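# Structure assessment
Listed below, chain by chain, are the residues.
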Amino acid sequence: MKCRPGCGACCIAPSISSLNKAAGEPCRHLTPDFRCRIFTRPERPACCAGLQPSREMCGDNREAALAWLTALERATRPEC
């Protein structure tokens, strides 16, 4: 499966500790058209490069992807 144009859910919903990005906030590398500015660059975090689109994660639309990734982020958040 390829990334859905105009989605960016994986750059918004999860936290990305290596970029000091909180869950639910757009990544600083996300463009206005929801594409990654550093997608092919070596500074792209390994956690981002390892996340591959799938039917389960991406669903049928951007809203489904945001909901799934937000639920996963909550389910895997360390307890304080």
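Look up: the structure comes first, before these words.
Structure report, in brief. The structure displayed is predicted, hence computed values, not measured ones.

### Details of the nonpolar core
Membership of the largest hydrophobic core comes to 15 residues, with the highest contact counts inside it found for Ala 9, Leu 66 and Leu 69. The biggest single contributor to this core is helix 3 (residues 62-76), with three residues. Contact partners of Leu 66, with chain neighbours within four places excluded, come to Ala 9, Ile 12 and Ala 13.

### Here we look at the side chain of Arg 44
Tracing the backbone through its elements, the reader meets Arg 44 in the segment before helix 1 (46-50). One buried charged residue, Arg 44, remains without a salt bridge, the closest side chain of opposite sign being Glu 43 at 10 Å. Here Phe 39 takes part through its backbone oxygen, which lies 3.4 Å from a polar atom of the side chain of Arg 44. At 3.2 Å, the side chain of Arg 44 forms a polar contact with the backbone oxygen of Cys 48. The contact partners of Arg 44, leaving out residues within four places of it in the chain, are Ile 38, Phe 39 and Ala 49.

The rules we used
Residues numbered from 1 in each chain as written. Predicted model: local features only at pLDDT ≥ 70, side-chain atom pairs only at ≥ 80, totals over all residues. Heavy atoms only, no water. Core = buried A, V, L, I, M, F, W, Y, C linked by side-chain atoms within 4.5 Å. Buried < 20%, exposed > 50% of the residue type's maximum accessible area, 1.4 Å probe, protein only. Helix = DSSP H or I, 4+ residues; strand = E, 2+ residues; numbered from the N terminus. Contact = heavy atoms within 4.5 Å. Lys, Arg positive; Asp, Glu negative; His and termini not counted. Salt bridge = Lys/Arg side-chain N within 4 Å of Asp/Glu carboxyl O. Polar contact = N/O pair within 3.5 Å; in protein donor to acceptor, adjacent residues only side chain to side chain.

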